[in-house]
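# A look at the structure
So the chains spell out like this:
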Protein chains: 4
Amino acid sequence: MPSRYQWPNDRPGSCVLSVDVDGEVPHLWQSRDSRPRLAELEQRRFGPRVGVHRLLSVLDDHGLRASFYIPGHYAHEHPSAVVAIAEAGHEIGLHGHLHEPPTALTKVEFAAALRRSREVLATVSGAAPTGFRSPSWDMTPESFEVLQDEGLDYDSSMMGYDHPYLIGSLVEVPVQWSLDDAPFYRYVGGSAPGNPPVRPRDLAEAWCDELEAAARFGTLAVITVHDWLSGRGAAAAALDRVLARAADLGLWRATVAEVADWHRHREQQGVLPSPTQVPGGTHE
Amino acid sequence: MPSRYQWPNDRPGSCVLSVDVDGEVPHLWQSRDSRPRLAELEQRRFGPRVGVHRLLSVLDDHGLRASFYIPGHYAHEHPSAVVAIAEAGHEIGLHGHLHEPPTALTKVEFAAALRRSREVLATVSGAAPTGFRSPSWDMTPESFEVLQDEGLDYDSSMMGYDHPYLIGSLVEVPVQWSLDDAPFYRYVGGSAPGNPPVRPRDLAEAWCDELEAAARFGTLAVITVHDWLSGRGAAAAALDRVLARAADLGLWRATVAEVADWHRHREQQGVLPSPTQVPGGTHE
Amino acid sequence: MPSRYQWPNDRPGSCVLSVDVDGEVPHLWQSRDSRPRLAELEQRRFGPRVGVHRLLSVLDDHGLRASFYIPGHYAHEHPSAVVAIAEAGHEIGLHGHLHEPPTALTKVEFAAALRRSREVLATVSGAAPTGFRSPSWDMTPESFEVLQDEGLDYDSSMMGYDHPYLIGSLVEVPVQWSLDDAPFYRYVGGSAPGNPPVRPRDLAEAWCDELEAAARFGTLAVITVHDWLSGRGAAAAALDRVLARAADLGLWRATVAEVADWHRHREQQGVLPSPTQVPGGTHE
Amino acid sequence: MPSRYQWPNDRPGSCVLSVDVDGEVPHLWQSRDSRPRLAELEQRRFGPRVGVHRLLSVLDDHGLRASFYIPGHYAHEHPSAVVAIAEAGHEIGLHGHLHEPPTALTKVEFAAALRRSREVLATVSGAAPTGFRSPSWDMTPESFEVLQDEGLDYDSSMMGYDHPYLIGSLVEVPVQWSLDDAPFYRYVGGSAPGNPPVRPRDLAEAWCDELEAAARFGTLAVITVHDWLSGRGAAAAALDRVLARAADLGLWRATVAEVADWHRHREQQGVLPSPTQVPGGTHE
């Protein structure tokens, strides 16, 4: 059995809340060659209009700072939402420009979207993002290279461990499908509506179980919610209960950037194994 | 955080029950160029034969008036069901003529279906509908224009907020997928049967959670049921419990038209922001 | 509100258990032009080998007679299973010969399959079936005509009411998707595996809710299970609990043929409305 | 009713834990003609990196030996994981070389993959596997022939009974979809993500129900978990509870090989019926 991961102040495990602040941008990407569905645009625009603000309010109740991953186009379209996030002291990270999947882009296209989104986020929020979350939670060897070339500190899109690890020179802060609200809540109607939405009370209970497991096994639980999904009524109330549980369990509650910094700190102390190669990559 | 929406008599939130009275009409539209499935026709005709009457009985037990959206063809085929709805004092709204999705029609076709359905509903029910619910819960800029040109007061098909808002000159009374029974109950067999039906007891509990969230966040919960789905035994019994919870929570229970009137009243008092543009539209 | 349906001895409602005894036959039909999957054949052959016998044992514990719908080919392949059903005193009904969907057959083909299956079932079981359950729970106007021409007494495949009704000269004893185990349990692997199986404990609770609703609204609950699905361990134990609940509620527990006889009896007393036309049919 | 299956020491039933140790190998097979998805590779590599070791730890807590089915390529890529399994005293069985579905291979190809995987497993683990688990839980007549020709003792891929049985000269130790974690937990994102993951607490409760049914009906419950699925936090904790329940119920807890040996022993005592033919096969 690999040894248990060590957390600051001997915390039993760690819980991070991340928000993929997508709004309507994924649908604009998906319908870039066709006519967008007004229904889905409106459903998703609930995010910047209402959802983000409700999530900020819930976070404020818990005194918790989270990590918000924001496509560049979202910041351009909804700057006041982004300013509200920044002013509340949360981390802002990169999430593509038009929520483009890295697997759909050439290396040059990926680099261009990354730079463009970094510029607009820095301009609107006043701070330079240091981390990336893939819009599709998928990557390519080339997109990992770009993240390194552009000097980013971490990625948070892979699932290779349940604690931070190294991919090349980047810290990887891993996500997990069962801790993402999208597979459970996303239902958009039309010809490919998705599965019927799971009940927020059931998802909250499942996430509390994962937090208990994080304390038991010493792991990292990166929860991910979306502005247009968990910003809705019962879902926001359920998230409120999950955050309370994370505090009760004594987990280390931090931003993704803080988790990456902690791992970098441990790495520099020489307590970590050698880095994992870029997965599937051929350039090392 | 945007300010909390204000409801009449300082009610904490609002709960509306709407009924999409579809019966077999959607299947007639879907199979307009092929042979209809008898199984689905019969399953859906349970609605006008039994389901509508059971829902009316449950509503009567709660002294609640609801909003019924009825395709014109349904009124033509099942006039006694429509008369029963009207005589019980419920609101009757437009829902296309053959349950046509607005996205499948030209502007002229949409206008023709709207006028035709309005005529038959007015004839059968004796009252002129003032609101529209899209059969597919999707719209186009052109169909919004028609609603305005035809002098309707409100639409109830979009999800851009969780309180009423303005789209052009129309009041939008927003719906929500998690408050619609169709994603959870619709199962029709054949080659594309749908997901296995969710248990009515579970859906009722989820809806009660949404009603609690409406009271907590001051929002509007527009529940939507279907004659051929929630008119079934355990589903009707579950709806009964949900309506009791809405009363217990002190929510403002109103028809969609009353909610639209309330919003118009507030707008005329100048307490609202400027109208939202028709989403994605180019005509303003 | 249509008046409440009357049951024998003023029972509050009725509960029927039907068994679609399919075994491997549906897969033989589906793969008639290709190579069958051994995995699905074996999974389904659990039905005649074990499942049927376990269901018979559960029924025996409750002193309950049920209605078993059996494809002719099944009786040919697994005669001892059919004999065991007949010797326990249960009703045996028609279910196609190779589990052919009526919608896939011409009128002549449908009649041929019906006659062939009737012969083999009569030979193996020693009794002449009087009712039909469509293998696909779908019908055509032509297949309804054949049922009438062949002198059958009832069909049990449609969902137009939640009490018996007349289609042409046939009594229709309606089924209901939420009372069928297949949408919840059927999972066969391969390229189109189906949804993950629902927990038997959850389905049993849902069915108990439907039985309570049958008592509340005076309706008929026709439960349908399959030999290869509900004959499995936890599913059979769950069915056991459902049957106990039906007895506790005081529902009239009968076979489908007995329900059809009851309806015919009431019809002849002139207490029923005029028959429903064959749905969608043009021949009347 | 067929007579109740007899277990050693009059145990009421039997519970076996099997682990399909797939890691990334199924995705390598599926993407053999295209570019693999890095996201899925990383998600699956969680198995050999973390999941296997966590499962071994849970098993150790219960003093339970399980049966691990391992593709040859996995042993080649992750030998230390295989060594850890072997050193803990668990059974190691065959599972293809690159997780190839037998239905996609010719007889010669299947035999080649079998021999190659047997060699690498024997080399890495130091013991010769005696049983086979089909990677796709499907078989062909030809692949059954190869298992016999190669002198294997048992197969564990079919579902024809819920106790051991004979297929040709092989003992079949049957599996069951509802006792496999993959239909419930597998969610991989991308264009065909799968159903939203089921909650580990719900699956564990369902499996405990199946174990109770095994004790009630005298059957065999072969649970199957995957390194990259049930090795995750809350899933591993849930499995822990299931294993405790198996002990409480007094079930015979054995490896698949031990169950096969028991059945062979009973067969040689002449207490069993004649063997089942290779299902669908034409070669006997």
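Residues numbered from 1 in each chain as written. Chains lettered and ligands numbered in written order. Predicted model: local features only at pLDDT ≥ 70, side-chain atom pairs only at ≥ 80, totals over all residues. Heavy atoms only, no water.

### Some thoughts on the interface of chain B and chain A
Contacts between chain B and chain A engage 35 residues on the former and 27 residues on the latter. Both sides of the chain B and chain A interface together cover about 2,800 Å² of buried area, and 56% of this is carbon and sulfur. Counting across the interface, chain B meets chain A through eight salt bridges. In this structure, the connection of chain B to chain A is made through 13 residue pairs in polar contact (both at pLDDT 80 or more). (Contact = heavy atoms within 4.5 Å. Buried area = accessible area lost by both parts, 1.4 Å probe. Salt bridge = Lys/Arg side-chain N within 4 Å of Asp/Glu carboxyl O. Polar contact = N/O pair within 3.5 Å; in protein donor to acceptor, adjacent residues only side chain to side chain.)

### A word on the interface of chain D and chain A
Often the size quoted for an interface is simply the accessible area lost on bringing the parts together. With 27 residues of chain D at the interface, the matching set in chain A holds 35 residues. Summing both partners gives a buried area of about 2,900 Å² for chain D against chain A, and 56% of it is carried by carbon and sulfur. Among the residues chain D hides against chain A, the three largest losses belong to Leu38(D), Glu42(D) and Arg199(D). Together they make up 22% of the total. One can count eight salt bridges joining chain D with chain A. With its nearest N and O atoms 3.0 Å apart, the salt bridge here joins Glu205(A) to Arg201(D). Looking at the side of chain D that touches chain A, the element that brings in the most residues is helix α2 (residues 38-62) of chain D, giving 11 residues. Tallied by class, residues from the side of chain D that touches chain A come to 11 nonpolar, six polar and 10 charged. (Helix = DSSP H or I, 4+ residues; strand = E, 2+ residues; numbered from the N terminus. Nonpolar A, V, L, I, M, F, W, Y, C, P; charged D, E, K, R; others polar.)

### Some thoughts on helix α8 (residues 200-217) of chain A
Spanning 18 residues, α8(A) covers 25 Å between terminal C-alpha atoms, matching the ideal 26 Å at 1.5 Å per step. For α8(A), the buried fraction is high: 14 of the 18 residues fall into the buried class. (Expected span 1.5 Å × (residues − 1). Buried < 20%, exposed > 50% of the residue type's maximum accessible area, 1.4 Å probe, protein only.)

### What to know about the packing of aromatic side chains
Scanning the model with the defined rule gives 28 aromatic pairs over all chains in all. When the centroid spacing of 4.8 Å and the interplanar angle of 20° are considered together, the rings of Trp137(B) and Trp177(B) count as stacked. Of this pair, Trp137(B) sits in the loop between β4 (131-132) and α6 (141-149) while Trp177(B) sits in the loop between β7 (170-172) and α7 (182-185), and the two are 40 residues apart along the sequence. Centroid distance Tyr5(D) to Trp7(D): 4.6 Å. Interplanar angle 55°. Geometry classified as tilted. A relative accessible area of 8% means that Tyr5(D) is categorised as buried. One aromatic cluster in this structure is built from Tyr5(A), Trp7(A), Trp252(A) and Trp262(A). Directly above the ring of Trp29(D) sits Arg32(D), whose terminal nitrogen or CZ lies 3.7 Å from the centroid. Over the aromatic face of Phe46(D) sits the side chain of Arg232(D), whose NZ or CZ is 3.9 Å from the ring centroid. (Phe/Tyr/Trp six-rings, centres within 6.5 Å; stacked < 30°, edge-to-face > 60°. Lys NZ or Arg CZ within 6 Å of the ring centre and 35° of its normal.)

### Brief notes about the confidence of the model for chain A
Here chain A shows a mean pLDDT of 95. Residues at 70 or above account for 95%. On the interface metric, ipTM, the complex scores 0.95, and its pTM is 0.96. (pLDDT = per-residue confidence, 0-100.)

### A closer look at the relation of the copies chain B and chain A
Both copies of the chain are tied together by a single rotation about an axis and a shift running along it. Between chain B and chain A, the superposition needs a rotation of 90° and an axial shift of 0.0 Å, giving an RMSD of 0.0 Å. Given the turn and translation reported, the copies of this chain are related as if by a four-fold rotation axis. The position closest to the rotation axis in chain B is occupied by the C-alpha of Asn195(B), lying 5.2 Å away. Little of the interface of chain B is mirrored in chain A: 6% of its interface residues are interface residues there too. (Least-squares fit on C-alpha atoms with pLDDT ≥ 70 in both.)

### Observations concerning the side chain of Ser134(D)
Residues and elements named next belong to chain D. Checked against the element boundaries, Ser-134 lands in the loop between β4 (131-132) and α6 (141-149). Among the polar contacts listed, one links the side chain of Ser-134 to the backbone oxygen of Asp-138, at a separation of 2.6 Å. With sequence-adjacent residues up to four places away left out, Ser-134 is seen in contact with His-95, Pro-102, Met-139 and Ser-157.

### Examining the relation of the copies chain D and chain A
Least-squares fitting of chain D to chain A yields an RMSD of 0.0 Å, with the superposition described by an axial translation of 0.0 Å and a rotation of 90°. A different interface surface on each copy is seen, since only 7% of the contact residues of chain D are contact residues in chain A too.

### With respect to the packing of helix α5 (residues 107-125) of chain D against α6(D)
How two helices pack is summed up by the angle between their axes together with the distance between the axes. All names here are of chain D. Their axes nearest at 9 Å, the elements α5 and α6 cross at an angle of 40°. Of the possible angle classes, the one that applies to α5 and α6 is oblique. In this structure, α5 crosses over α6, and the sense of that crossing is right-handed. Contacts from Lys-107, Phe-110, Ala-111 and Leu-114 in α5 reach Glu-142, Ser-143, Glu-145, Val-146, Leu-147 and Asp-149 in α6. In terms of residue class, the contact of α5 with α6 is built from five nonpolar, one polar and four charged. (Axes fitted to C-alpha atoms, helices over the stretch in contact; angles between N-to-C directions. Parallel < 35°, antiparallel > 145°, perpendicular 65-115°, else oblique. Left-handed = near helix turned anticlockwise from the far one by under 90°.)

### Looking at the packing of α8(A) against helix α9 (residues 233-248) of chain D
The contact between α8(A) and α9(D) brings their axes to 8 Å, and the two run at 85°. By the angle between their axes, α8(A) is roughly perpendicular relative to α9(D). On the side of α8(A), the interface is formed by Asp209(A), Glu210(A), Ala213(A), Arg216(A) and Phe217(A), while α9(D) contributes Gly233(D), Ala234(D), Ala236(D), Ala237(D) and Asp240(D). Of the residues belonging to the contact of α8(A) with α9(D), the class tally is five nonpolar, one polar and four charged.

### Quick look at empty space enclosed by the protein
Inspection of the entire model under this criterion finds 15 cavities of 30 Å³ or more. Taken together, 20 residues form the lining of the largest cavity, with Gln176(A), Ser178(A), Tyr185(D), Pro197(D) and Arg232(D) sitting closest to its centre. Elements represented by at least two residues in the lining of the largest cavity include exactly α8 of chain A together with α9 of chain D. Taken together, the residues of the lining of the largest cavity break down into 14 nonpolar, three polar and three charged. (1 Å grid on protein atoms, 1.4 Å probe; cavity = no way out; pocket = protein on both sides within 12 Å on 5 of 7 lines; lining within 4 Å. Points joined across faces, edges and corners; volume = space filled by probe spheres on them.)

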